[in-house]
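An overview of the molecular structure
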Protein chains: 2
Amino acid sequence: MVDLGPYDVLLSVAELGSMGRAAERHGVTQAAVSARIRSLEGALGVTLLERSPRGTRLTPHGALVADWARVAVDAAEALDAGVTSIRSEQAARLRVAASLTVAEYLLPRWLVALRTEHPETSVSLSSRNSTDVAADVLAGAADLGFVEGPAVSDDLDAQVVARDRLTLVVAPGHAWASRRRGIDAERLRATPLVAREHGSGTRAFLEHSVGALAEPALELASTTAIKGAVAAGVAPAVLSSLAVAGELAVGTLVAVHVVGLDLDRRLAAVWPRGRPLAGPAADLVGLATRRREG
Amino acid sequence: MVDLGPYDVLLSVAELGSMGRAAERHGVTQAAVSARIRSLEGALGVTLLERSPRGTRLTPHGALVADWARVAVDAAEALDAGVTSIRSEQAARLRVAASLTVAEYLLPRWLVALRTEHPETSVSLSSRNSTDVAADVLAGAADLGFVEGPAVSDDLDAQVVARDRLTLVVAPGHAWASRRRGIDAERLRATPLVAREHGSGTRAFLEHSVGALAEPALELASTTAIKGAVAAGVAPAVLSSLAVAGELAVGTLVAVHVVGLDLDRRLAAVWPRGRPLAGPAADLVGLATRRREG
DNA sequence: TGGGGTCATAAGCTGCGCTTGTGCCCCTGA
DNA sequence: TCAGGGGCACAAGCGCAGCTTATGACCCCA
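Here's what I pulled together on the structure shown here. Given the structure is predicted, the values throughout are model-derived calculations rather than measurements.

Looking now at the environment of A232 of chain A. Looking at the element boundaries, A232 of chain A is found in the loop between α9 (223–231) and β10 (237–240). C-alpha of A232 of chain A to C-alpha of P172 of chain A: the two residues are 60 residues apart in sequence and 9.6 Å apart in space.

All right, on to the pattern of salt bridges then. Scanning the model with the defined rule gives 34 salt bridges over all chains in all. Between D67 of chain A and R196 of chain B there is a salt bridge, with its nearest N and O atoms 3.5 Å apart. Of this pair, D67 of chain A sits in helix α4 (residues 60–86) while R196 of chain B sits in strand β8 (residues 194–196), which puts the two residues in different chains. In this structure, D67 of chain A and R196 of chain B share a single accessibility class: buried. Of the charged contacts in the structure, one is a salt bridge between E15 of chain B and R25 of chain B, with a shortest N-O distance of 3.3 Å.

Residues and elements named next belong to chain A. Note that strand β3 (residues 94–98) and strand β4 (residues 123–127) share 5 bridges and pair parallel. Across the sheet, residue L94 finds its bridge partner in β4, namely V123. A crossover links β3 with its parallel partner β4, the connecting element being helix α5 (residues 100–117), and its sense is right-handed.

Time to look at α4 of chain A. End to end, α4 of chain A covers 39 Å across 27 residues, agreeing with the expected 39 Å (1.5 Å per residue, within 8%). Counted residue by residue, α4 of chain A has 19 buried out of 27 residues, so it is predominantly covered.

Residues and elements named next belong to chain A. All told, the structure shown has 2 aromatic pairs over all chains when counted by the stated rule. When the centroid spacing of 5.3 Å and the interplanar angle of 45° are considered together, the rings of W110 and F146 count as tilted. Taken together, the residues span a long stretch of sequence, with W110 in helix α5 and F146 in strand β5 (residues 144–148) at a distance of 36 residues. The pair formed by W110 and F146 is uniform in burial state, with each residue classed as buried. Positioned above the aromatic ring of F205 is the side chain of R265, whose terminal nitrogen or guanidinium carbon lies 5.7 Å from the ring centre.

Take A75 of chain B: it is sitting in helix α4 (residues 60–86). Along the backbone, A75 of chain B and P108 of chain B are 33 residues apart, and their C-alpha atoms lie at a distance of 9.0 Å. Setting aside its immediate chain neighbours within four residues, A75 of chain B contacts V71, A72 and A75 of chain A.

With that settled, the discussion passes to the interface of chain B and chain A. The interface of chain B with chain A comprises 57 residues on the first partner and 57 residues on the second. For the chain B and chain A pair, buried surface summed over both sides reaches about 4,700 Å², with 69% attributable to carbon and sulfur atoms. Of all residues in chain B, M1, W68 and L79 of chain B bury the most surface against chain A, accounting for 16% of the area lost on that side. Between the two partners, chain B and chain A, sit 2 salt bridges. Put simply, chain B and chain A have 7 residue pairs in polar contact (both at pLDDT 80 or more) between them. Within the residue set of the side of chain B that touches chain A, elements represented by two or more residues are α1 (5–16), α3 (30–44), α4, α5 (100–117), β4 (123–127), α9 (223–231), α10 (241–250) and α11 (279–293) of chain B. Each residue belonging to the side of chain B that touches chain A can be placed in one class, and the counts come to 29 nonpolar, 14 polar and 14 charged.

Quick look at the protein's contact with DNA strand D now. As a structural note, the neighbourhood of DNA strand D is formed by 18 residues, with S34, R38 and R51 of chain A together with T29 and R36 of chain B the closest of them. At 2.4 Å, a side-chain N or O of S34 of chain A approaches a phosphate oxygen of DNA strand D. Looking at the surface near DNA strand D, the elements with two or more residues in it are α2 (19–26), α3 (30–44) and β2 (55–58) of chain A together with α3 of chain B. At 4 residues, α3 of chain A tops the list of elements feeding residues into the surface near DNA strand D. When its residues are assigned to classes, the surface near DNA strand D shows 7 nonpolar, 7 polar and 4 charged.

About the criteria used
- Residues numbered from 1 in each chain as written.
- Chains lettered and ligands numbered in written order.
- Predicted model: local features only at pLDDT ≥ 70, side-chain atom pairs only at ≥ 80, totals over all residues.
- Heavy atoms only, no water.
- Helix = DSSP H or I, 4+ residues; strand = E, 2+ residues; numbered from the N terminus.
- Salt bridge = Lys/Arg side-chain N within 4 Å of Asp/Glu carboxyl O.
- Buried < 20%, exposed > 50% of the residue type's maximum accessible area, 1.4 Å probe, protein only.
- Pairing = 2+ DSSP bridges.
- Right-handed = clockwise from strand over helix to strand, strands pointing away.
- Expected span 1.5 Å × (residues − 1).
- Phe/Tyr/Trp six-rings, centres within 6.5 Å; stacked < 30°, edge-to-face > 60°.
- Lys NZ or Arg CZ within 6 Å of the ring centre and 35° of its normal.
- Contact = heavy atoms within 4.5 Å.
- Buried area = accessible area lost by both parts, 1.4 Å probe.
- Polar contact = N/O pair within 3.5 Å; in protein donor to acceptor, adjacent residues only side chain to side chain.
- Nonpolar A, V, L, I, M, F, W, Y, C, P; charged D, E, K, R; others polar.
- Near = heavy atom within 4 Å.

Structure (structure tokens):
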């Protein structure tokens, strides 16, 4: 597996314009940075940085590699922020409970941002379904919750932090893929889908919107596995737009409109009613909201 | 920086259902896999795998971590496939020249797929603008090219492998973000944008569609930097839908419709006319096409 | 009841990447 | 004109992470 360390360093050098400053940011020696970059260049056989006595700039090759690397490094940082928050810290200053869609796609990046803006805040995350999240927050087992759909309890204050849309997706070769008009809800109800095991909030929301569904064609444990099965032509699936944005852009999956159905969902932060948000919880909600509202 | 090795192993274990088989896939001992997983669990303070004498399954915690990890590992693999193809191999069996959008967003994943389907194929990649790509292919300096927009020369055969759409994006707080109707082309022409240095094919295509543009508000070296500037409210930008799909889904950026303008683009593979595709070049084009067509 | 499958543990070795220390080069400013 | 500082590169030595090998415990099934 690739070691992202050198690429992380490369990105810092590119941003800061000097190996010395990048070394400082990473808490290592300038010599270490120099060696890392050189060995990276050695492995690639091209120079990535244009050195000068005044500093350092990316070469065109370097810019391409840096763009690729940014994606990987960002994903790795999100992963790290996520797993750090899972580590059951008794010392955690902020206990968050989140439903699956939020935990899977949104929270890691929020945690990365929170870490840079408020490094002193430690977060502990537990992933539950939406009703359990509400229960945890009401019982004081969590300071802050994130749920799918409208507010679940009158005893909670809520703030919408994101939206998504349940999206019917099929493989590019599927008959539905070329239907410009989409399909109707009846057709969807009658079709076996690829679904998540233990049908989470997504499935409940879908059944609430279209009515009872056919038995799943296949039940899988992870969203990634579902996407793979759909792309392989097993059956269609209904997933959050957050989950399939990349695949839709690249064309690995195709979205199919469902006539007359509005599958927009609000993703909201919730906390005990009447107790104004403060401290780390307010930081996190503010940061999450800012990502949408500017 | 996070070491993705243990997560890669975790994903293999989850997929194969046993540490021993995962060890085999990675070419290491079962003991090494066991140790890696244990140390990962130790660092997190939770168990990720449910061990049994018949094998191993993800716990709910494990499933969440695995979904996060899949994103990071995939990105790292794409990065690795990309840099491997930059390594100027004299032994390369397939020389590819690609324009920036294709090189940045599409090719790495194609190369990952090519590596698994045809491990014996080594690829060398050079990133040029579309006209240079065509010239390289015609001159025999590249076996296969990928260009933006319609075919550039009558001496080349072409095959559309993907589409994208140039997209006007602004920060969520920008005045245009709330305009349901979008803005007209005149407004776009008159507005200084954040642009890429040395305006690549994207800028040329845009000027071809809407006419001469205002002087850029800011010129930056990487797409990532442009997205950051737009999100920070510096100015709008026009980028490939491939570049902004994730940000649009999450809400970090907002797409603005430009009335009466069709910015759809075809991304095509090109090769010398009359010489039917064969060998590694045919593999790659086929694989890239299949990702769209099923 | 033994054989094949699973995972865990212990001991020992290897190699990668760090630090420290130094050298060279270029620009700047007194 | 020359000293100083900031830039990067090179060499020597060390520490530790993670591997392998070898073995043990457990469970299931024939």
